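The residues making up each chain are set out below.
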Amino acid sequence: MTLPSHGSNPHYVYQSARIEKPDRVIDFSVNVNPFGAPTIIRERWQSWFSYVEDYPDPLASELKQKLSILNDIQEDCLLIGNGGAELITLVAQFLRGKRILIIQPSFSEYEQACFAQNCCVEHHVLQEGNWALGLNELLPKVKLFDGIFLCTPNNPTGVVYDCQAVMELVQEGKREGCYIIIDEAFYDFTTDNHSYINLIKQYPNLIILRSLTKMFAIAGLRLGYGAANPSVMEKLAALKPHWSVNAIAMKAGLECILQDSYIQHTKQHIADERKRLELVYQSNGFQMSKSEVNFYLLKDPQLEDAAPLFHFLLKKGIVPRHTMNFPGLNGRWLRFAVKKKKENNLLMEALLEWKKYN
Ligand SMILES: Cc1ncc(COP(=O)(O)O)c(C=O)c1O
């Protein structure tokens, strides 16, 4: 049985697990805003129809300009992409054939994209449970690599790495000529919004990746961006397919970045729900990762492998994300998105039922 390497598209999970898909499923494997896309997207949708007829702006100038103001960085430090995923692919192309280190467990696309570019990939696997960066082991490795991928807040743990430790990594990278790629796809779900984006001015070895598909639930539209020193950005831009970002995604992006109250409401909901879930899990013998975002890892410490719990939930129409393809997790944990209250309640009920009989 080979399970899909990503969350979402639950019919593939049922297919490969050979479990009949119930009529109603709740997909906890996808980490997008549980409130869906901002209302303004639906309201404007019809008026955007005319944009399907012409080619999109290949430079995404308007969006780039707005993002440069929002992030207080120069426009030539930015590149708009077809989702954060396209930026990951471009970075891998930029580092083609080089030595790459991935801080694990983390998003599987880094490895996938680097393999496709014949990079020599190694993993720095963090200690399970607290997933601290472990600088004593990590820093001496920096000189051995051309690029290091770090995701913070990290997918799949939800953990935000210690800021001082990340800074030391970035500084060591600069000294040793190693690019540090920080994926901030989920930074806007944290309550403090901490970001490393402004450091690109001082650190030409730093590349920041951002996604708009998570907070704004526009995963089907695809939109993300990267930020780095203009000389790096120029090289990444040269690798990008000319019209890879569609016109509607750009229009949606321009609206999304103005949605302050939607962002605040989402963050508050996520923080409250995560706390509520945590209390229930703690008092019922589950182990939960110290997440600061809209998903978390969960483990039943009685199980060596989470597969029986995974199957139990699938049969109930609850779709977790398995962790079999995350180095350092190897299927022992399951990842769940924080959804709306009603859905989170259904998940808790199912987990308590599991505990009752196992
Ligand atoms: C850590 C991380 N980075 C990037 C991406 C890609 O996001 P996008 O939908 O913007 O391509 C994902 C998607 O799941 C992700 O989890």
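Computed from a prediction, not measured in an experiment: that's the story for all the values here. Sequence order sets the numbering: in each chain, residues are counted from 1 along the sequence as written. pLDDT decides what is reported in this predicted model: residues at 70 or higher carry local features, side-chain atom pairs at 80 or more are listed and counted, and totals for whole chains, interfaces and linings draw on all residues regardless. Computation of side-chain values: all heavy atoms of the structure, hydrogens and water removed.

Novice: Please provide a residue-by-residue account of the pairing of strand β6 (residues 179–183), values included.
Specialist: Across the 5 residues that make up β6, a large majority, 4, are buried. The sheet contact formed by strand β5 (residues 147–151) and β6 spans 5 bridges and is parallel. Looking across to β6, one finds that Gly 147 is bridged to Tyr 179. The sheet contact formed by β6 and strand β7 (residues 206–211) spans 4 bridges and is parallel. The residue bridging Ile 180 from the neighbouring strand is Leu 206, located in β7. Each residue's exposure class comes from its accessible area (1.4 Å probe, protein chains only) as a fraction of the maximum for that residue type: buried when under 20%, exposed when over 50%, partly exposed otherwise. Helix and strand definitions here come from DSSP, where helices need a minimum of 4 consecutive H or I residues and strands a minimum of 2 consecutive E residues; each element is numbered from the N-terminal end. Two strands pair under a simple rule: DSSP has to find at least two bridges between them.

Novice: Lay out unusual backbone geometry with the relevant residues and their values.
Specialist: With an omega of -5°, the peptide bond running from Thr 152 to Pro 153 counts as cis. At the junction of Asn 155 and Pro 156, the peptide bond is cis and its omega measures out at 20° in the coordinates. At Asn 330, a position not held by glycine, the phi torsion is positive, near 45°. You can see Asn 330 is positioned in the loop between β12 (321–322) and β13 (334–337). The exposure class assigned to Asn 330 is partly exposed, which follows from its relative accessible area of 46%.

Novice: Describe the environment of Lys 316, and please don't skip the residues or the numbers.
Specialist: Inspection of the secondary structure assignment puts Lys 316 in the loop between α11 (307–315) and β11 (318–319). For the pair Lys 316 and Glu 75, spaced 241 residues apart in sequence, the C-alpha separation works out to 48 Å. Contacts of Lys 316, omitting those with residues within four sequence positions, involve Ala 350 and Glu 353. In this structure the side chain of Lys 316 is engaged in a polar contact, spanning 3.2 Å, whose partner is the side chain of Glu 353. Should any heavy atoms of two residues lie within 4.5 Å, those residues are considered in contact. Under the rule applied, a polar contact is a pair of N or O atoms within 3.5 Å (in protein, one hydrogen donor and one hydrogen acceptor; residues adjacent in sequence only if both atoms are side-chain atoms).

Novice: Can you explain the UniProt feature "domain: Aminotransferase class I/classII large" (unreviewed entry) in the protein? Please cite residues and give values.
Specialist: UniProt positions are given in the numbering used here, feature names are shortened, and annotations may be inferred rather than shown by experiment. As annotated in UniProt, the feature "domain: Aminotransferase class I/classII large" (unreviewed entry) corresponds to residues 25–350 in the numbering used here. Helix makes up 36% of residues 25–350 and strand 17%, and the two end C-alpha atoms of the span are 13 Å apart.

Novice: Pulling in residues and values, what's your account of the pattern of salt bridges?
Specialist: Salt bridge, as used here, is a side-chain nitrogen of Lys or Arg placed within 4 Å of a carboxyl oxygen of Asp or Glu. Under the criterion given, the structure shown has 11 salt bridges. The shortest N-O distance in the salt bridge between Glu 172 and Arg 175 comes to 2.8 Å. Taken together, the residues span about one helical turn, with Glu 172 and Arg 175 both in helix α7 (residues 163–176) at a distance of 3 residues. For the salt bridge of Arg 276 with Glu 273, the shortest nitrogen-to-oxygen distance reads 2.8 Å. Of the two residues, Arg 276 and Glu 273 both sit in helix α10 (residues 260–282), 3 residues apart, roughly one turn of that helix. With a relative accessible area of 24%, Arg 276 lands in the partly exposed category. In this structure Glu 273 comes out as buried when scored by relative accessible area, which is 5%. A cluster of three or more residues bridged by salt bridges with shared partners is formed by Glu 128, Lys 299 and Arg 332.

Novice: Explain the sheet that holds β6 residue by residue, including any values.
Specialist: In space, the 7 strands of this open sheet follow the order β2-β8-β7-β6-β5-β3-β4, with mixed pairing throughout. Two strands bound the open sheet, and with one partner strand each, they are β2 (78–81) and β4 (120–125). Each neighbouring strand pair of the sheet contributes to a mean axis angle of 20°, computed without reference to strand direction. Where β2 and strand β8 (residues 224–228) come together, 4 bridges link them in antiparallel fashion. Bridged to Leu 79 within β8 is Gly 226. Helix α3 (residues 61–71) rests against β2, β7 and β8 of the sheet, and its axis sits at about 125° to β2. Structural elements are reduced to axes, namely lines fitted to C-alpha atoms, with helices fitted over the stretch in contact, and the angle between N-to-C directions of any two is expressed from 0 to 180 degrees. Each of β2, β6, β7 and β8 is contacted by helix α8 (residues 230–239), which is oriented at about 140° to β8, the strand it contacts most.

Novice: Can you break down the domain arrangement of the protein residue by residue, with the values?
Specialist: Along its sequence, the protein is organised into domain 1 (10–37 + 260–357) and domain 2 (39–256). Bear in mind that the domain bounds are from an automatic or database domain assignment. Just the C-alpha atoms count here: the centres of domain 1 and domain 2 sit 25 Å apart. Facing the 29 residues of domain 1 at the interface are 32 residues of domain 2. Taken together, domain 1 and domain 2 are joined by 2 salt bridges. Arg 332 is the partner of Glu 128 in a salt bridge, and the nearest nitrogen-oxygen pair spans 2.7 Å. Connecting domain 1 to domain 2 are 12 residue pairs in polar contact (both at pLDDT 80 or more).

Novice: Give me the lowdown on the packing of α11 against helix α12 (residues 341–357), citing residues and values where you can.
Specialist: Taken N-terminus to C-terminus, the directions of α11 and α12 make an angle of 130°; their axes are 11 Å apart at the nearest point. With respect to each other, α11 and α12 are oriented oblique. Crossing angle aside, the handedness with which α11 passes α12 is right-handed. Here Pro 308, Leu 309, Phe 312 and Leu 313 of α11 lie close against α12, whose contacting residues are Ala 350, Leu 351, Glu 353 and Trp 354. Ten residue types, Ala, Val, Leu, Ile, Met, Phe, Trp, Tyr, Cys and Pro, are classed as nonpolar, four, Asp, Glu, Lys and Arg, as charged, and the remainder, Gly among them, as polar. Taken together, the residues that form the contact of α11 with α12 break down as 7 nonpolar, no polar and 1 charged. Working definition: roughly parallel below 35 degrees, roughly antiparallel above 145 degrees, roughly perpendicular at 65 to 115 degrees, and oblique for all remaining angles. Crossings are classed by handedness, with left-handed meaning an anticlockwise turn of the near helix from the far one by less than a right angle and right-handed meaning a clockwise turn.

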